[in-house]
Amino acid sequence: AAAAKAPVKKNPKVANVSVQLEMKALWDEFNQLGTEMIVTKAGRRMFPTFQVKIFGMDPMADYMLLMDFVPVDDKRYRQVTYAFHSSSWLVAGKADPATPGRVHYHPDSPAKGAQWMKQIVSFDKLKLTNNLLDDNGHIILNSMHRYQPRFHVVYVDPRKDSEKYAEENFKTFVFEETRFTAVTAYQNHRITQLKIASNPFAKGFRDCDPEDWPRNHRPGALPLMSAFARSRNPVSSPAHQNGTEKDAAESRREYEREAAGGTPLHAEAAHQQLMSRVLSPALPGGGGGLVPLGGAGGGRPSPPHHELRLEPTASEPLHHHPYKDPPPAAAAHDH
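Every chain begins its residue count from 1, and numbering advances along the sequence as written. The predicted nature of this model means local features are confined to residues of pLDDT at least 70 and side-chain atom pairs, given and counted, to a pLDDT of 80 or more, with totals for whole chains, interfaces and linings taken over all residues. To obtain the side-chain values, all non-hydrogen atoms of the structure were included, while hydrogens and water were left out.

A.B. asks: I tried to follow the overall build of the protein on my own but got confused; where do I start?
C.D. replies: Here a strand is any run of E in DSSP of at least two residues, a helix any run of H or I of at least four, and the numbering for each starts at the N terminus. Helix and strand counts for the protein stand at seven helices and 15 strands. When a residue's accessible area, from a 1.4 Å probe over protein chains only, is under 20% of the maximum for its type it is buried; when over 50% it is exposed; and in between it is partly exposed. Relative to its 335 residues, the protein shows a buried fraction of 35%. Contacts in the protein between residues at least 24 apart in sequence constitute 70% of all its contacts with a sequence separation of at least 6. In what follows, residue pairs with any heavy atoms lying within 4.5 Å of each other are defined as contacts.

A.B. asks: Would you mind showing me how to read the sheet that holds strand S12 (residues 139-140) here?
C.D. replies: Strand pairing in a sheet relies on backbone hydrogen bonds. The paired strands run either parallel or antiparallel. The strand order across the open sheet formed by three strands is S3-S11-S12, and the pairing between neighbours is mixed. Looking along the sheet, the strands with just one partner apiece sit at the ends: strand S3 (44-45) and S12. With two bridges joining them, S3 and strand S11 (residues 127-129) adopt antiparallel strand pairing. Paired with Arg44 across the two strands is Leu128, which belongs to S11. Strand pairing is assigned whenever DSSP detects at least two bridges linking the two strands.

A.B. asks: Hey, could you run me through the pattern of salt bridges in this one?
C.D. replies: Here a salt bridge means any side-chain nitrogen of Lys or Arg lying within 4 Å of a carboxyl oxygen belonging to Asp or Glu. Scanning all chains against the criterion turns up twelve salt bridges. Across the salt bridge formed by Asp68 and Arg150, the nearest N and O atoms sit 2.7 Å from each other. With Asp68 in strand S5 (residues 62-71) and Arg150 in strand S13 (residues 146-155), the pair connects residues that are 82 residues apart, well separated along the chain. Looking at Arg150, the relative accessible area reads 27%, which means it is partly exposed. Arg102 serves as the salt-bridge partner of Asp134, at 2.7 Å between the closest nitrogen and oxygen. One end of the pair, Asp134, is in the loop between S11 and S12; the other, Arg102, is in the loop between strand S7 (87-94) and strand S8 (103-105), with 32 residues separating them in the sequence. A network of salt bridges, in which partner residues are shared, links Lys24, Asp28 and Glu177.

A.B. asks: Explain the environment of Arg190 to me, please; I cannot follow it from the model alone.
C.D. replies: Position of Arg190 relative to the elements: it lies in helix H4 (residues 189-198). Distance in space between the C-alpha atoms of Arg190 and Leu33 is 7.4 Å, their sequence separation being 157 residues.

A.B. asks: Honestly, the nonpolar core in this entry has me stumped. Any pointers?
C.D. replies: The nonpolar side chains of soluble globular proteins are, as a tendency, buried together. Residues belong to a common nonpolar core when they are buried Ala, Val, Leu, Ile, Met, Phe, Trp, Tyr or Cys residues joined through side-chain atoms within 4.5 Å. Core analysis: the biggest nonpolar cluster contains 43 residues, and Ile54, Leu128 and Phe151 have the highest contact counts within it. Mapped onto this core, the elements with two or more residues apiece are strand S1 (18-21), helix H2 (24-33), strand S2 (36-38), strand S4 (51-55), S5, S13, strand S15 (180-183) and H4.

A.B. asks: Could you clarify how one ought to interpret H2 in this entry?
C.D. replies: Along an α-helix, a turn takes 3.6 residues, which lines up residues three or four apart on a common side. Of the positions making up H2, those classed as buried are Leu26, Trp27, Glu29 and Phe30. Buried residues along H2 cover an arc of 160 degrees about the axis, so they all sit on one side. Within two residues after H2, Gly34 carries a phi angle of roughly 95 degrees, on the positive side. Directions from the helix axis toward the C-beta atoms define the arc.

A.B. asks: I tried to follow the side chain of Asn169 on my own but got confused; where do I start?
C.D. replies: Relative to the helices and strands, Asn169 resides in the loop between S13 and strand S14 (170-174). Polar contact criterion, stated in full: a pair of N or O atoms within 3.5 Å, where within protein one must be able to donate a hydrogen and the other to accept it, and residues adjacent in sequence count only if both atoms are side-chain atoms. Side-chain polar atoms of Asn169 contact the side chain of Asp157, separated by 3.1 Å. Sequence-distant contacts of Asn169, that is, excluding residues within four places in its chain, are made with Asn11, Val14, Val153, Val154, Tyr155, Asp157 and Ser162.

A.B. asks: Please clarify how the pairing of S4 should be interpreted in this entry.
C.D. replies: Where a strand is regular, its side chains alternate between the two sheet faces. Burial runs high along S4: four of the five residues are buried. Where S1 meets S4, four bridges bridge the pair, whose relative direction is antiparallel. Each residue of the ladder has a partner; that of Ser18, found in S4, is Phe55. In this structure, S4 lies alongside strand S10 (residues 121-122), joined through two bridges in antiparallel fashion. In the sheet register, Val52 faces S10, and the bridge partner there is Val121.

A.B. asks: Any chance you could explain the confidence of the model for the protein here in plain terms?
C.D. replies: Where the model shows low pLDDT, its predicted coordinates should not be examined in detail. Mean pLDDT over the protein works out to 73, with 56% of the residues at or above the 70 mark. The predictor attaches a confidence to each residue, called pLDDT, with possible values from 0 through 100. Every residue in residues 209-244 is under pLDDT 50, and counting partners more than four places away or in other chains gives 66 contacts. Predicted confidence is poor over residues 254-324, with pLDDT under 50, and the contacts of this stretch with residues over four places away or in other chains come to 77 contacts.

A.B. asks: Can you walk me through the packing of aromatic side chains in this structure?
C.D. replies: Under the pairing criterion, centres of Phe, Tyr and Trp rings, with the six-membered ring standing for Trp, must be within 6.5 Å; the plane angle then separates stacked pairs below 30 degrees from edge-to-face pairs above 60, leaving the rest tilted. Following the criterion strictly, the structure yields nine aromatic pairs and no others. Where Phe123 meets Phe151, the ring centres are 5.8 Å apart and the plane angle is 80 degrees; that geometry is what we call edge-to-face. Of this pair, Phe123 sits in the loop between S10 and S11 while Phe151 sits in strand S13, and the two are 28 residues apart along the sequence. As far as the burial class goes, Phe123 and Phe151 line up, both buried. On the numbers, 6.2 Å between centres and 35 degrees between planes, the contact of Phe151 with Phe173 is tilted. Of this pair, Phe151 sits in strand S13 while Phe173 sits in strand S14, and the two are 22 residues apart along the sequence.

Put into structure tokens, the structure is as follows:
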């Protein structure tokens, strides 16, 4: 029998590199439920986003970071739902023909080891598609198949004959908790709930307004979601790790809308104008501004009031009404 091939000795530039998966607790929670990732013709970003912290690089050496996805097995799956919304994956047959193998290079590649190590590396631009003819460079996957993401660190060897040392100059990292089933629509409703709860900015799978979520499915209700629920608190937490300042502002508005029972605590001026017209459609407005509640004479506009009643009953006493018998010195009153 032929001798087993000896393992390739790695270049010291990559031999000492180690990688830590970020948001591991969240990945673990998804993995326990059976992680699903949406694939679309146009391409869909992953959530959780694959993020890592890297250690042990040569600060002055150049490295490229890339990812690829390999099938976990040679099977195709289908989801079977039982009573009480419980479900499980069953093998539906042999896997479809393999999709074109592609790799996704981190857009900052190549870069010095010092740059890679000083911050968390996020693959938030990576998109998954089921379009076999995709020409955007997205990762092509078969729906209802299981995949394992792989992360590769490649040392950019400056030697002219560097291709001879290709196998020595890279190191691969696999985190089993990141494996997932590619789907065109979420099969497990618990995955949907967890994605909504832990990713308030992902509108792609949000089927309803956050105010319509069942109370027991809101952030904080799930065992490990209390930490992610804090991302909705505009006081106690920084901006979402994957979001921009715009995303953080959106999250704050959602939090305020929930806290106020559906009305933002700090509504914008345009929203105030809209609300004033909705609440006071029969009162003279004009000009698109707030509705003045006085007669002539340029009285100051009144802010919207949720208890404004437009049609008081005939039996309702009017002696308390602030607009009855206004003094001649004032043409209008603030509400």
